[in-house]
Amino acid sequence: SQPPQRNLEDFLGTQLFLKVGVGILVIGVVFAMGLVFQMVGPIGKVLLGYGGGLALLGAGISFERKERFRTFGRALIAGAWGILYFVTFAAGFVETSRVFHTRLGAVLALLVAGSAAVSYSLRYRHEWTTIFAFLLIHLSLGIAAFHLPPAQNLTATLIVALAIAVLVWRRG
């Protein structure tokens, strides 16, 4: 049997605008951690960021279980991983959100976040969600690159590259 035909409206509504919307959500969190949450200290910013990322992950998992909302759920899951990695990055390298005060602690936290994303992806086995999650991670790091010294952003980007390499290696 042939796959069902999709029209332009269906593609725009269930694919393109959904992905753009989740990308905008991740960008919003990136800017919120630096600009909007000025009344909250670093620990508060990180807790709000993790809370939002984990809530998005939970919502994505819940929606993904329902056939009708599977695509929506997967987009939320990808956005959640983008947010969770960025919050971890900010907790170690963004001055207004720093809770890890040593470079080693920040790098170890990024390794844990990257490892968690890879572990989830290996268990999950949905390539689009994995690709979109890592694209959102790179998008958030790209935005942060305008405000941080290159060495800090390079560290986070190298850890993401290592995570992607492990993922590709494990999937063959």
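Refer to the structure presented above.
Cut-offs used in this document
Residues numbered from 1 in each chain as written. Predicted model: local features only at pLDDT ≥ 70, side-chain atom pairs only at ≥ 80, totals over all residues. Heavy atoms only, no water. 1 Å grid on protein atoms, 1.4 Å probe; cavity = no way out; pocket = protein on both sides within 12 Å on 5 of 7 lines; lining within 4 Å. Points joined across faces, edges and corners; volume = space filled by probe spheres on them. Helix = DSSP H or I, 4+ residues; strand = E, 2+ residues; numbered from the N terminus. Nonpolar A, V, L, I, M, F, W, Y, C, P; charged D, E, K, R; others polar. Axes fitted to C-alpha atoms, helices over the stretch in contact; angles between N-to-C directions. Parallel < 35°, antiparallel > 145°, perpendicular 65-115°, else oblique. Left-handed = near helix turned anticlockwise from the far one by under 90°. Contact = heavy atoms within 4.5 Å. Expected span 1.5 Å × (residues − 1). Buried < 20%, exposed > 50% of the residue type's maximum accessible area, 1.4 Å probe, protein only. Salt bridge = Lys/Arg side-chain N within 4 Å of Asp/Glu carboxyl O. Core = buried A, V, L, I, M, F, W, Y, C linked by side-chain atoms within 4.5 Å.

Engineer: Please explain the layout of surface pockets as it appears in this structure.
Structural biologist: Over the atoms rolls a probe the size of a water molecule, and its path tells where empty space is left. Of the pockets and cavities examined, the second largest pocket occupies roughly 200 Å³. Every residue along the wall of the second largest pocket is listed here: Glu127, Thr130, Ile131, Phe134, Ile164, Leu167, Val168 and Arg171. For the lining of the second largest pocket, the secondary structure elements donating two or more residues are helix 5 (127-144) and helix 6 (150-171). When its residues are assigned to classes, the lining of the second largest pocket shows 5 nonpolar, 1 polar and 2 charged.

Engineer: How do you make sense of the packing of helix 4 (residues 103-124) against helix 5 when you look at a structure like this?
Structural biologist: When two helices pack together, their arrangement is given by the angle between the helix axes and the distance between those axes. Helix 5 packs onto helix 4 with a crossing angle of 165 degrees between their chain directions and a minimal axis gap of 10 Å. By the criterion of interaxial angle, the relationship of helix 4 to helix 5 is roughly antiparallel. Where helix 4 crosses over helix 5, the two elements pack in a sense that is right-handed. Between helix 4 and helix 5, the contacting residues are Ala117, Val118, Ser121 and Tyr124 on the first element and Thr129, Thr130 and Phe134 on the second. A class-by-class count of the residues in the contact of helix 4 with helix 5 yields 4 nonpolar, 3 polar and no charged.

Engineer: Explain helix 5 here, please?
Structural biologist: Think of an α-helix as turning once every 3.6 residues; residues three or four places apart then point the same way. Taking 1.5 Å of rise per residue, 18 residues should cover 26 Å, and helix 5 covers 26 Å from first to last C-alpha, within 8% of that figure. Among the residues making up helix 5, those that are buried are Thr129, Thr130, Phe132, Ala133, Phe134, Leu136, Ile137, Ser140, Leu141, Ile143 and Ala144.

Engineer: Would you mind going over the pattern of salt bridges with me for this structure?
Structural biologist: It is possible for side chains bearing opposite charge to pair when their charged atoms get close. Enumeration over the complete set of coordinates arrives at 4 salt bridges. Of the charged contacts in the structure, one is a salt bridge between arginine 70 and glutamate 64, with a shortest N-O distance of 3.9 Å. With relative accessibility at 14%, the residue glutamate 64 sits in the buried group. Taking the shortest distance from any N to any O, the salt bridge between arginine 70 and glutamate 67 comes out at 2.7 Å. Via salt bridges that share partners, Glu64, Glu67, Arg70 and Arg74 belong to a single interconnected network.

Engineer: Just checking my understanding: could you explain helix 4 for this structure?
Structural biologist: Taking 1.5 Å of rise per residue, the 22 residues of helix 4 would be expected to cover 32 Å, and the 31 Å separating its terminal C-alpha atoms lies within 8% of that figure. All of the buried residues along helix 4 are Ala106, Val107, Ala109, Leu110, Ala113, Gly114, Ala117, Val118, Tyr120, Ser121 and Tyr124. Along its buried surface, helix 4 packs onto helix 2 (42-64), helix 3 (70-93), helix 5 and helix 6. Positive phi appears at arginine 125, one or two residues downstream of helix 4, with a value of about 60 degrees.

Engineer: Would you explain the nonpolar core in this entry?
Structural biologist: When a protein is soluble and globular, its nonpolar side chains tend to lie buried together. By size, the foremost hydrophobic cluster in this structure holds 47 residues, and its most contacted members are Trp81, Tyr85, Phe89 and Phe134. Breaking this core down by element, the ones donating at least two residues are helix 1 (8-36), helix 2, helix 3, helix 4, helix 5 and helix 6. The contacts of phenylalanine 89, once residues within four sequence positions are left out, are Val94, Leu110, Leu141, Ala144, Leu148, Gln152, Asn153 and Ala156.

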